[in-house]
Amino acid sequence: MSETNLVEAVNKALAWELDHDKDVVLLGEDIGLNGGVFRATDGLQSKFGEQRVIDTPLAETLIVGMAVGLASQGIRAVVEIQFMGFIYSTIDNMISHATRMRNRTRGRLTCPMVLRAPYGGGIHAPEHHSESTEAIFAHMPGIRVVIPSSPLRAYGLLLASIRDPDPVVFLEPKRIYRLQKESIEEAGVALPLDVCFTLREGDDITLVSWGAMVHETLQAAEKLAEQNISAEVIDVATIKPLDMKTILASVEKTGRCVIVHEAARTCGVGSEIAAQLAEFGLTFLLAPVQRVSGYDTIMPLYRLENYYMPSVEQILSAANAALEYA
Amino acid sequence: MGVYDNLNIPYSQYLDHHGQLHETCSDYTSDAKNLINFYKIMLRTRVFDQKAINLQRTGKLGTYASSLGQEAIGVALGAAMHANDVLAPTYRDYAVQLSRGIKMSDLLLYWGGDERGMDYEFSREDLPICVPIATHTCHAVGIAYAMKLRKQPRVMVCIIGDGATSKGDFYEALNAAGVWQLPVIFIINNNQWAISLPRDKQSATKTLAQKAVAAEIYAEQVDGNDVIACYERMHEFIERARTGGGPCLLEAISYRLSDHTTADDAQRYRSPADVEAQWQFDPISRLKTYLLENQFIDAEALDALQKQAEQEVEEQVKIYLNTATQPPEAMFDYLYETLPEALQSQRDEVMRKGKKHE
């Protein structure tokens, strides 16, 4: 057991898998001696060698293309893209190859790979370093998109993602890389994919979120509790495929729902959750579903960043609107 | 100007277009049996190709990309590769795919709109054909990396067209293959046309091969319609890579005698007379001349090979035409190893749709 923050939990999960599965390799830019720009791979190259912890040329298309090739040979490539802002050239390979290799060969070849990237705003980073564009990947068939919101979930979900037989995009909310520490037992125990985690139980309203925004959402729930309002908080964790069962069961109980995400609103994953609540949960909704999200704007440079990011106050105000409705 | 004129990319031709040999053959290509085998597979590929076009024209096959005139490259490659080497082909590489045991019925099944055509019975580690141009160059680097990591004496071969050499993926792949000295061979089928764009508008470089030089990768050109020269160069490159010599690139110069695909009309951008003039360089007729003039085979045996190829194609077409369509829910069945619960209702939905249409 050791007190571990989120980025250290990523490191521990990577180390565990490298140690226990000889077919796991890591590849990315500056992940070797430098240990990655956020130190997620710190010390791994010296322990597991240059051939398995691979410093690649500066070429994102190559990195993910290689992962597809490696995976077709049964090697589980865990790719680090340095920032999500540099992930877009990988989309061709993800949508044209990684996600469809199993399908187009009827299972002859598969693509067990993980595409890791730090994402999200709130750290006053330079341009192209703060976006939340998870919905781009969630729209792809044949993929999983997993986002941890705590050290424990980062450890367990990353292990599960590496062991998953299909491609996983694993997005790490960098704002909370070092926010909190949790005790992690380094025993290589994975957490389940494709399910939400209910972080706090409540009867009056359901707050649904993922990634760094889970923390603002939990703070909002705490404030609501002070007003004797009991909020259920759900961390979606796997945003594709979506565990609507858990969300619907909660909203059936509470009748009210606020969805919180950092990404732009239109066609954000919140849109899909709201649509499914309308399709399958209309009869038990007591108020319109509320969305608290980033705006449909370009992520502003950092002076205006805090205006873009959803705040605890916004979540509270949306919750109150839902609670006061009829 | 002219400072890079000394790039010095070697060019090989053994058999000229009149069927005259100008170089000394290796033991392999001195053996009539191997040359007849080259001829046989080129012929099979061409008969298959013509049949596929006919099937498309009569509504029995979807859009199809012909390999007419470029058969020598694939046949030579098929002979130079080992069975456990891995191929990353594009859509025009039937000759090498047939050489590697991939069934004509599967190739037809693919163009006939059925994913099972990519579930090959042999060469099961070969990638399925790559449609988005040049993307498989980076997959090839990954596969070659796996071979090197596992210390396997295997070679990765990636085929691309002339247009692919304009793409960033190609340069990223070459660059990385050079850094890690991977056992990967890049073959360019330079057939002069990327749909409607001619070679001289594709790149200002004198050769496409020289693009490898920037990545410190050894490169040559070869007459892509000369199956003997193709085999000799490919064999040497592949065996060099197998024994740790690192990556190479071979630009095989050929000509696309057909339209780009059956959906294309090449007369919009090139004259039939220009295409007609290219038939004198046909890879099959020059080998035929060489085989006959050297009495490696007689006309009667050649006729028999033609009939044999036609018979094989007919049998394979029958298998293709008799393959029942997959049930509609097949679109879900290889999406993930296990279909996530969230998708189950969509699978049920398409099954209901299928029942309605029965």
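1. Some remarks on the environment of Trp193(B)
Residue and element names in this part refer to chain B.
Link 1 in the chain: Looking at the element boundaries, Trp-193 is found in strand β5 (residues 193-194).
Link 2 in the chain: With 24 residues separating them in the primary sequence, Trp-193 and Ile-217 have C-alpha atoms 25 Å apart.
Link 3 in the chain: A polar contact of 3.3 Å, which involves the side chain of Trp-193, links it to the side chain of Tyr-255.

2. Remarks on the pattern of salt bridges
Link 1 in the chain: Inspection of the entire model under this criterion finds 31 salt bridges over all chains.
Link 2 in the chain: Measuring nitrogen to oxygen at the nearest pair gives 3.4 Å for the salt bridge that ties Lys51(B) to Glu314(B). In this pair, Lys51(B) is assigned in helix α2 (residues 32-57) and Glu314(B) in helix α12 (residues 299-321), connecting sequence segments 263 residues apart.
Link 3 in the chain: Residue classification places Glu314(B) among the partly exposed residues on the basis of a relative accessible area of 39%.
Link 4 in the chain: Here the salt bridges share partners, and the residues they tie into one network are Lys22(A), Asp23(A) and Arg150(B).

3. Here we look at the packing of helix α1 (residues 6-20) of chain A against helix α7 (residues 151-163) of chain A
Residues and elements named next belong to chain A.
Link 1 in the chain: Contact geometry of α1 with α7 gives a least axis separation of 8 Å together with a crossing angle of 30°. The handedness of the crossing between α1 and α7 comes out as right-handed. Contact with α1, carried on its side by Leu-6, Ala-9, Val-10, Lys-12, Ala-13, Leu-14, Trp-16 and Glu-17, involves Pro-151, Ala-154, Tyr-155, Leu-158, Leu-159, Ile-162 and Arg-163 of α7 and no other residues of that element.

4. Remarks on the pairing of strand β7 (residues 218-223) of chain B
Residues and elements named next belong to chain B.
Link 1 in the chain: Among the six residues in β7, five count as buried, and that is most of the element.
Link 2 in the chain: Examined bridge by bridge, strand β1 (residues 11-12) and β7 share two bridges and lie parallel to one another. When the sheet's bridge partners are listed, Ser-12 is paired in β7 with Val-222.
Link 3 in the chain: In this structure, β7 lies alongside strand β8 (residues 248-253), joined through six bridges in parallel fashion. Of the residues in β8, the one forming a bridge with Gln-221 is Glu-251.

5. What about the domain arrangement of chain B?
Link 1 in the chain: Segmentation of chain B into domains returns domain 1 (7-326) and domain 2 (327-358).
Link 2 in the chain: In this structure, domain 1 of chain B and domain 2 of chain B have C-alpha centres spaced 37 Å apart.

6. Some words on the packing of aromatic side chains
Link 1 in the chain: If you walk through the whole model with that rule in mind, you get 17 aromatic pairs over all chains.
Link 2 in the chain: Ring geometry for Phe83(A) and Phe86(A): centres 6.0 Å apart, planes at 85°, overall edge-to-face.
Link 3 in the chain: Taking relative accessible area as the criterion, Phe83(A) reaches 12% and is therefore assigned buried.
Link 4 in the chain: With centroids separated by 5.2 Å and ring planes inclined at 75°, the aromatic side chains of Tyr110(B) and Trp111(B) adopt a geometry described as edge-to-face.
Link 5 in the chain: Using a relative accessible area of 14% as the deciding quantity, one classes Trp111(B) as buried.
Link 6 in the chain: Over the aromatic face of Phe237(B) sits the side chain of Arg240(B), whose NZ or CZ is 5.9 Å from the ring centroid.

7. As for the sheet that holds β8(B)
Residues and elements named next belong to chain B.
Link 1 in the chain: Reading across from one edge, β1-β7-β8-β4-β3-β2 is the order of the six strands in this open sheet, with parallel pairing throughout. A single partner strand is all that each edge strand has here, and the edge strands are β1 and β2 (86-88).
Link 2 in the chain: On the sheet, helix α6 (residues 135-149) packs against β2, β3 (156-161) and β4 (184-190) and is oriented at approximately 170° with respect to β3.

8. Overview of the domain arrangement of chain A
Residues and elements named next belong to chain A.
Link 1 in the chain: When cut into domains, chain A gives domain 1 (2-184) and domain 2 (197-324).
Link 2 in the chain: Relative to domain 2, the C-alpha centre of domain 1 lies at a distance of 26 Å.
Link 3 in the chain: Together domain 1 and domain 2 conceal approximately 2,200 Å² of surface at their shared face, both sides included; 57% is due to carbon and sulfur atoms.
Link 4 in the chain: If you sort the residues of domain 1 by the area they bury against domain 2, His-124, Arg-153 and Arg-175 come out on top, with a joint share of 24%.
Link 5 in the chain: At the junction of domain 1 with domain 2, the criterion picks out two salt bridges.
Link 6 in the chain: Across the salt bridge formed by Arg-175 and Glu-216, the nearest N and O atoms sit 3.0 Å from each other.

Thresholds applied
- Residues numbered from 1 in each chain as written.
- Chains lettered and ligands numbered in written order.
- Predicted model: local features only at pLDDT ≥ 70, side-chain atom pairs only at ≥ 80, totals over all residues.
- Heavy atoms only, no water.
- Helix = DSSP H or I, 4+ residues; strand = E, 2+ residues; numbered from the N terminus.
- Polar contact = N/O pair within 3.5 Å; in protein donor to acceptor, adjacent residues only side chain to side chain.
- Salt bridge = Lys/Arg side-chain N within 4 Å of Asp/Glu carboxyl O.
- Buried < 20%, exposed > 50% of the residue type's maximum accessible area, 1.4 Å probe, protein only.
- Axes fitted to C-alpha atoms, helices over the stretch in contact; angles between N-to-C directions.
- Left-handed = near helix turned anticlockwise from the far one by under 90°.
- Contact = heavy atoms within 4.5 Å.
- Pairing = 2+ DSSP bridges.
- Domains from an automatic or database assignment.
- Phe/Tyr/Trp six-rings, centres within 6.5 Å; stacked < 30°, edge-to-face > 60°.
- Lys NZ or Arg CZ within 6 Å of the ring centre and 35° of its normal.
- Buried area = accessible area lost by both parts, 1.4 Å probe.

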